[in-house]
Each structure stands twice: as C-alpha cells, then as structure tokens.
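If you want the building blocks of each chain, they are given just below.
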Amino acid sequence: MAVRTRTVGWSTGLTGLLVAVALVSATVGPVSVPLSTVARAALNAVGVPTGVSVGSGTVALFGASATVPVPDLSYTYLFSFPVDATSETIVRRIRLPRIALAATVGFALAAAGTVMQGFFRNPMADPSIIGVSSGAAVGAVATIALSFSGPYALQTAAFVGAVVSAFAVYLIATEGGRTPTATLLLAGVAIQTLLGAVVSYLLLRAGESLEQALYWLMGGLLRNAVWTDVAVTVPVAAVCFGVLLAYGRDLNVLLLGEADAHTLGIEVERTKRILLAVSSVVTAAAVAVAGSIGFVGLVVPHVMRLLVGPDHRILLPTSAVAGGAFLVATDTVARSGGVEVPVGIVTAALGAPFFLYLLRTREVHSL
C-alpha cells in the first residue's frame, strides 16, 4: 500500500478516535451532560477569527505594576444549535477549552518525541532530552516564586526558558560547525541536571507559592485552560508540525547514520539544526501552557511504531494525533475522581510501566 494512502487512512481513523474521546470526555465531570448535548454545544463552539481588538492588562513585579496592551481576537460562530444555557456554559466555557488544549499539547509533545527519537537514534529520547522541559520549569517556577504576574507572564517565562535552554545545549555541543549527536545528548543531560538544581532552590524559596509551583511541575495547568491558550498554542503547533512533516524522509535517511545520509544527499548539519530548533519550539509552546507533562513524547511514538512501522512519513502524523487522544483520555481520568490530580501523575503512572515493558523487549534496541 502506498505511503500516502496508509498515512491518510491511519490519520483519518485516529482523528475519528480523537473526536470520539473528546466528546466522551466533555460528558465527564461533577455535572453529567448527555453526549448529544455535548455534540451540539461543541458544534456551536466552532468559529473563525474575524477581527482583532486591543485590550489592557497589568504586569506586576516586586510590588510595582504597569498597564500593558493585550491583543484580543473576535470570532464568528458557524452553528447555533439549541442547547440549554447551563449545559452550554459547562461544555463550551469550561470543558472544551481544557479538552482542546490537552489535544493540542499531546499532539505537540508526541510529534516532538517522534522526531527526537529519530534524530538521536535513541528509543529513550523524548522532548525533554535537550533540557527544554527543565528550562521551562526554571522560567515558570521563578515566575511563581518571585511573584511576577501579568498577562501570560507564566507562559511567556516558561516558553523563553525552554527555548533558551535548548539553544544553550546546542551551542555547547557545537564546535567547528558540527554538532555530534552524542555530545548534544550529554550536554542535554548536564543542562537538565543543572537546571534541576535551580528549580530545587527556587522551590525552597517559593514559600506560600510552593503548591502552585508543584502543580505546574506536575502538569496541572490544564485545569485553568481558556480558549485564549488554545488560540495561541494551535498555530505554533500546526506550523512546527508542518515543518517536521516535511523532513519525514530525511529522518528516515538519518536513521542509517550521518555518513550514509550525507552520501544520499542529505545536508546533515542543516537538517539537524532545523529539526532540533522546531522540535524545541513546539515542545516549549506545549509546556508553557500545560506545565511539565512526561511520558507522552516517549510512549506514544513507540506504540504507533508498533502499529504503523518506523517510516516517519507515516509515524509522525499518526503519533501526533494519537498523542492528542492519549492526553485527552488521561486528563479525563485525572479529573474524574473525587479529587482532581495533575495530569502528569496519570501519564507517569501509565507511562512508567510501559517504559519498563520496553526495557524488556527488542523495541527498545531498534527504531
């Protein structure tokens, strides 16, 4: 079967699974909402941006504050099905933003994890391997511990921390225009350890903000999701995914080794820089709005590799969509008990046993 046919077939099926999981997830909560009502309310939420206005927000640091302009999108909605006001508010204003953000974050982390595993030719690689998550943690925890507030202050600090740490690792590992993969991997481990120490120190200094910082570190930001978070994250994830998908064939060739890839016409160093930069940005965007969520970028690509094979032209899009469905499902589990827990706890509880399973199979030794 042709690659394109298999890609479209698997991606369509997984997208249907993602929609089904999202609709079922929206029925779950303290107030049960029928599936048919959820479907109508979800269609009512489908809109297209038609304008931009500028509002205002307040930035505060160490007791000083200032007013800054904040852009605000306006939308035109395509459907208007009859739904009672209470259900409409619950589904459209509370549950759907969280579900849409979880799907986007899972999509981004799984796509980045697939690329990292191919890039490093290491089945244990995930988006945090070059210090992206640790850098985001430093930015976010510093913002919380120092009581810095403002529009998107936490998300901005996490994004900047993630990008800066990724490029610091790249610069440390690069010499003479070459970036050996093994050096990059070791530099990432060293930076992760260093930044972990910084986060530990900031937690000691967090005081009454300690619980908020711990929630961020366990992926607890999804509970505060709003449509604005989705509107900011989706374009970044979509553009980065498009770039990564364009390099699917190059990733396949890189698995043969850098010398063979160069012989087959791949500009190895340029391709590595692009893959590293784009994977770092899409991971940073996801972590900035959701907090640190582990195992999605590690486990989902392995599961999909078992189902669709190692060809990145198929593996990358299917892993991304499956990652979205996986995170929506795990977030539903996280909020369906008597006490809500951060989704990072659920993904770790499911991911760790699977990780140990991989250690006992041949899949951990080959891609």
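Criteria and cut-off values
- Residues numbered from 1 in each chain as written.
- Predicted model: local features only at pLDDT ≥ 70, side-chain atom pairs only at ≥ 80, totals over all residues.
- Heavy atoms only, no water.
- UniProt positions renumbered as here; feature names shortened; annotations may be inferred.
- Helix = DSSP H or I, 4+ residues; strand = E, 2+ residues; numbered from the N terminus.
- Buried < 20%, exposed > 50% of the residue type's maximum accessible area, 1.4 Å probe, protein only.
- Core = buried A, V, L, I, M, F, W, Y, C linked by side-chain atoms within 4.5 Å.
- Contact = heavy atoms within 4.5 Å.
- Expected span 1.5 Å × (residues − 1).
- Phe/Tyr/Trp six-rings, centres within 6.5 Å; stacked < 30°, edge-to-face > 60°.
- Lys NZ or Arg CZ within 6 Å of the ring centre and 35° of its normal.
- Axes fitted to C-alpha atoms, helices over the stretch in contact; angles between N-to-C directions.
- Parallel < 35°, antiparallel > 145°, perpendicular 65-115°, else oblique.
- Left-handed = near helix turned anticlockwise from the far one by under 90°.
- Salt bridge = Lys/Arg side-chain N within 4 Å of Asp/Glu carboxyl O.

## Thoughts on the UniProt feature "transmembrane region" (unreviewed entry) in the chain
- Following the UniProt record, the feature "transmembrane region" (unreviewed entry) maps to residues 57-78, 99-116, 153-172, 184-204, 225-247, 274-300 and 341-359 here.
- Counting secondary structure, residues 153-172 comes out at 100% helix and 0% strand; the distance between its end C-alpha atoms is 28 Å.
- Segment residues 225-247 splits into 87% helix and 0% strand. End C-alpha atoms: 32 Å apart.

## Points about the environment of arginine 360
- Relative to the helices and strands, arginine 360 resides in the segment after helix H14 (343-359).
- For arginine 360, a relative accessible area of 77% gives the class exposed.
- Sequence separation of arginine 360 and threonine 143 is 217 residues, and the distance between their C-alpha atoms is 41 Å.

## Regarding the nonpolar core
- The biggest cluster of nonpolar side chains holds 95 residues, and the ones touching the most others in it are Val105, Phe120, Ile130, Leu184, Trp216, Leu275 and Ile293.
- Examining the composition of this core, we find that 17 residues originate from one element, helix H3 (residues 85-120), more than from any other.
- Apart from the residues lying within four places of it in its own chain, the contact partners of phenylalanine 120 are Ala125, Ile129, Ile130, Thr181, Leu184 and Leu185.

## What to know about helix H12 (residues 296-308)
- In a regular helix each residue adds 1.5 Å, so 13 residues correspond to 18 Å; H12 covers 18 Å between its end C-alpha atoms and thus fits that length.
- Burial analysis of H12 places 10 of its 13 residues in the buried class, the great majority of the element.
- Taken as a whole, H12 has its buried residues at Val296, Gly297, Leu298, Val299, Val300, Pro301, His302, Met304, Arg305 and Val308.

## Observations concerning the packing of aromatic side chains
- Evaluation of the coordinates by the stated rule reveals three aromatic pairs.
- Geometrically, the ring pair formed by phenylalanine 79 and phenylalanine 81 is stacked, given 5.8 Å between the ring centres and 20° between the ring planes.
- The partly exposed category is assigned to phenylalanine 79, whose relative accessible area is 36%.
- Seen from their ring centres, phenylalanine 119 and phenylalanine 120 are 5.0 Å apart, and the 75° between their planes marks the pair as edge-to-face. Here phenylalanine 119 and phenylalanine 120 have matching classes, each one buried.
- Lying across the ring of tyrosine 77, arginine 92 places its NZ or CZ 4.3 Å from the centre.

## Brief notes about the environment of alanine 20
- By the secondary structure assignment, alanine 20 is in helix H1 (residues 3-27).
- Put simply, alanine 20 and arginine 270 are 250 residues apart on the chain and 40 Å apart in space, counted from C-alpha to C-alpha.

## Quick notes on the packing of helix H5 (residues 153-173) against helix H11 (residues 268-290)
- Running from N to C, H5 and H11 cross one another at 155°; their axes reach a closest spacing of 8 Å. As far as their axial angle goes, H11 and H5 are roughly antiparallel. The crossing of H5 and H11 is right-handed. Every residue of H11 that contacts H5 at Gln155, Ala158, Phe159, Ala162, Val163, Ala166, Phe167 and Tyr170 is listed here: Arg273, Leu276, Ala277, Ser280, Val281, Ala284, Ala285, Ala288 and Val289.

## Some thoughts on helix H4 (residues 132-145)
- Taking 1.5 Å as the rise per residue, H4 with 14 residues should run 20 Å; its terminal C-alpha atoms sit 20 Å apart, in good agreement.
- Counting buried residues in H4 gives 14 out of 14 residues, a clear majority hidden from the surface.

## With respect to the environment of glutamate 211
- Mapped onto the secondary structure, glutamate 211 falls in helix H7 (residues 210-217).
- The spacing of glutamate 211 and leucine 78 is 133 residues in sequence and 41 Å in space, taken between C-alpha atoms.

## Digging into the side chain of histidine 312
- Mapped onto the fold, histidine 312 is located in helix H13 (residues 312-336).
- In contact with histidine 312, other than residues within four places in its own chain, are Thr114, Gly118, Gly248, Leu251, Asn252, Leu255 and Pro317.

## Examining unusual backbone geometry
- Even without being glycine, phenylalanine 295 reaches a positive phi, approximately 75°.
- Exposure remark for phenylalanine 295: the relative accessible area of 23% places this residue in the partly exposed category.

## Considerations on the pattern of salt bridges
- Following the criterion strictly, the structure yields seven salt bridges and no others.
- In this structure, aspartate 331 and arginine 98 form a salt bridge, with 2.7 Å as the shortest nitrogen-oxygen distance. Here aspartate 331 is found in helix H13, whereas its partner arginine 98 is found in helix H3, with 233 residues between them in sequence. Summarising the burial analysis for this pair, aspartate 331 and arginine 98 share the class buried.
- With a shortest N-O distance of 2.8 Å, aspartate 311 and arginine 313 are connected by a salt bridge.
- Assessed through its relative accessible area of 37%, arginine 313 is described here as partly exposed.
- Salt bridges sharing partners connect three or more residues here, namely Arg98, Asp331 and Glu340.

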